[in-house]
Amino acid sequence: MEERANAGAGALTAEASTAFGGVAAGGLMCLLSMSSIQFGAALSSSAIAAYGPAGASWLRLAFAAIILAVVVRPRVVSCNRAQWTSALVLGATTALMTMSFFAAIERIPLGLAVAIDFLGPLSVATIGYGLSRRLLWPLIAALGVLALAHDGEGWVGDIGGILFALGAGTGWAIYIVLTKKIGASFKGLEGLSISLMVAALVATPFGFAGAMPKLDAYGLVEMAGLAILVPLLPYTLELIALRRMPTASFGILMSLEPAIAALAGFVILAQPMTLLQMAGTALVVAASAGATFAAR
């Protein structure tokens, strides 16, 4: 009897250890995904300066679409009308969201741009549960954004950059809703692959003319690397992470993204932050984590 009890205890310990290992691995993948996105955005500054926000967006989307199409080989011909509609809308949203975000980080610090960007999905997650006390979380995040927008001497950035960031946040909110739908109507990564092709085509009229005359061999390698950093690597990491950990834990961990964006802005772009701005970042992170926890 005692041996059975010991064996059972050993089995439970092994299962707990395996589960913890899965969650830990998922958490590490979340951190790698967020780092890839934000450091990729910071490293895009040279491409934005060279090709402009629209040109850099088009190049990144085009390379990402080509790479994923080669890997996934989506069956474009077999798509039905509903699948094409969702792919077209998601692709157009992705293109406009990317161009808006690049235009924002050209004008305002990365940490501020990402914090404003976060207001979109945070509002969707909160309003989706109706008008309740959960509306407190977007308000806390908005206070954090105000703190981030002031460096102790004056307001940071310009109105144009803030409007572009708000546009990117709106696009991100729509992107989340559409991604759920497209994920249900396509197998594997086919929906993402087709939507990226559409995004590259939508961005072509805005970015082709400004990018192609300046593109050289170094630029080709640079943009291919940036396309892998965002969105290919993060999407893959997040997909694997969601299989290893609860969705609520995933959402709370992803709330760290504004803080990682601030770190990337400091390390790559030499964008220091005051204590007030650090407090603002903490408010945005806390609001996002609180909204995720409350939704759970």
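It should be emphasised that the depicted structure is a prediction, and the values quoted were computed from it without experimental measurement.

So, how was this worked out
Residues numbered from 1 in each chain as written. Predicted model: local features only at pLDDT ≥ 70, side-chain atom pairs only at ≥ 80, totals over all residues. Heavy atoms only, no water. Helix = DSSP H or I, 4+ residues; strand = E, 2+ residues; numbered from the N terminus. Buried < 20%, exposed > 50% of the residue type's maximum accessible area, 1.4 Å probe, protein only. Contact = heavy atoms within 4.5 Å. Areas by Shrake-Rupley, 256 points an atom, 1.4 Å probe, with all protein chains shown as cover. Axes fitted to C-alpha atoms, helices over the stretch in contact; angles between N-to-C directions. Left-handed = near helix turned anticlockwise from the far one by under 90°. Nonpolar A, V, L, I, M, F, W, Y, C, P; charged D, E, K, R; others polar. Phe/Tyr/Trp six-rings, centres within 6.5 Å; stacked < 30°, edge-to-face > 60°. Core = buried A, V, L, I, M, F, W, Y, C linked by side-chain atoms within 4.5 Å. Patch = residues over 30% accessible without salt bridge, like charges linked within 9 Å, V, L, I, M, F, W, Y side chains within 5 Å. Salt bridge = Lys/Arg side-chain N within 4 Å of Asp/Glu carboxyl O. Expected span 1.5 Å × (residues − 1). Polar contact = N/O pair within 3.5 Å; in protein donor to acceptor, adjacent residues only side chain to side chain.

Peer 1: How should the overall build of the chain be read in this particular structure?
Peer 2: When you go through the chain residue by residue, the secondary structure sums to 11 helices and 0 strands. Along the chain direction, N to C, the helices and strands of the chain fall in the order α-α-α-α-α-α-α-α-α-α-α. Taking all 296 residues of the chain together, the buried fraction comes to 43%. Look at the contacts in the chain between residues 6 or more apart in sequence, and 87% of them connect residues 24 or more apart. Working note: accessible area of the chain is about 14,800 Å², and carbon and sulfur atoms make up 71% of it.

Peer 1: When you look at the environment of Ala147 in this model, what are you seeing that I'm missing?
Peer 2: Relative to the elements of secondary structure, Ala147 occurs in helix H5 (residues 136-148). Taking the C-alpha atoms as reference, Ala147 lies 10.0 Å from Val284; in sequence the two are 137 residues apart. In contact with Ala147, not counting residues within four places along its chain, are Leu276, Gln277 and Gly280.

Peer 1: Help me out: how do you make sense of unusual backbone geometry in this one?
Peer 2: Apart from glycine, the bulk of residues carry a negative phi angle, and the bulk of peptide bonds sit in the trans form. Backbone torsion omega between Val230 and Pro231 reads 15°, so that peptide bond is classified as cis. Relative to the assigned elements, Pro231 resides in helix H8 (residues 217-244). At Arg73, a position not held by glycine, the phi torsion is positive, near 50°. Note that Arg73 resides in the loop between helix H2 (45-72) and helix H3 (81-107). Residue classification places Arg73 among the exposed positions, given a relative accessible area of 66%. Positive phi values are uncommon outside glycine, yet Ala270 reaches one of about 55°. Positionally, Ala270 belongs in the loop between helix H10 (257-269) and helix H11 (275-295). Classification of Ala270 as exposed rests on a relative accessible area of 60%.

Peer 1: What is the right way to read the packing of H2 against helix H7 (residues 190-211) from this model?
Peer 2: Helices that pack against each other are described as a pair by the angle of their axes relative to one another and the distance between those axes. Look at H2 against H7: their axes get within 7 Å of each other, and the N-to-C directions meet at 150°. Like other packed secondary-structure pairs, H2 and H7 cross with a definite hand, here left-handed. In terms of residue class, the contact of H2 with H7 is made up of 20 nonpolar, 5 polar and 1 charged.

Peer 1: Looking at this structure, I do not really get the packing of aromatic side chains. What am I missing?
Peer 2: To describe a pair of aromatic rings, one takes the distance between the centres and the angle between the planes. Counted by the stated rule, this structure contains 2 aromatic pairs. Between Trp58 and Phe208, the ring centres sit 5.3 Å apart and the planes meet at 75°, which makes this aromatic pair edge-to-face. Of this pair, Trp58 sits in helix H2 while Phe208 sits in helix H7, placing them 150 residues apart in sequence. Trp58 sits in the buried class, given a relative accessible area of 10%. On the accessibility criterion, Phe208 (39% relative accessible area) is partly exposed. Their ring planes at 75° and their centres at 5.2 Å tell us that Phe118 and Trp172 sit as a pair that is edge-to-face. In this pair, Phe118 sits in helix H4 (residues 110-127) while Trp172 sits in helix H6 (residues 159-185), placing the two residues 54 residues apart along the sequence.

Peer 1: Mind showing me how you'd approach the nonpolar core here?
Peer 2: The biggest cluster of nonpolar side chains holds 51 residues, and the ones touching the most others in it are Phe101 and Leu110. Broken down by element, the residue count for this core peaks at 12 residues, all from H2. Excluding anything up to four places from it in sequence, Phe101 contacts Ala41, Leu110, Ala113, Val114, Asp117 and Ala168. Grouped together as the second largest cluster of nonpolar side chains are 9 residues, Met34, Leu237, Ala241 and Ile260 included.

Peer 1: How should a nonpolar patch on the surface be read in this particular structure?
Peer 2: Taken together, the side chains of Leu43, Leu263, Phe266, Val267 and Ile268 define a hydrophobic patch exposed on the protein surface, amounting to about 450 Å² of accessible area. Sort the elements by how many residues they give to the nonpolar patch and H10 lands first, with 4 residues. Position of Phe266 relative to the elements: it lies in helix H10.

Peer 1: When you look at H8 in this model, what are you seeing that I'm missing?
Peer 2: Here H8 is 28 residues long and its end C-alpha atoms lie 39 Å apart, about the 40 Å a rise of 1.5 Å per residue gives. Within H8 the residues assigned to the buried category are Gly219, Glu222, Met223, Leu226, Ala227, Val230, Leu232, Pro234, Leu237, Glu238 and Ala241. For H8, the capping residue at the N-terminal end is Asp216, with a side-chain oxygen 3.3 Å from the backbone nitrogen of Tyr218.

Peer 1: What's the story with the environment of Ala294 in this structure? I'm lost.
Peer 2: Relative to the helices and strands, Ala294 is located in helix H11. Judged by its relative accessible area of 28%, Ala294 is partly exposed. Taking C-alpha positions, Ala294 is 9.6 Å from Trp137, a pair spaced 157 residues apart along the chain.

Peer 1: How should I be thinking about the side chain of Ser193 in this particular structure?
Peer 2: Along the chain, the position of Ser193 falls in helix H7. Residues within four places of Ser193 in sequence aside, it is in contact with Leu68, Ala69, Val72 and Pro74.

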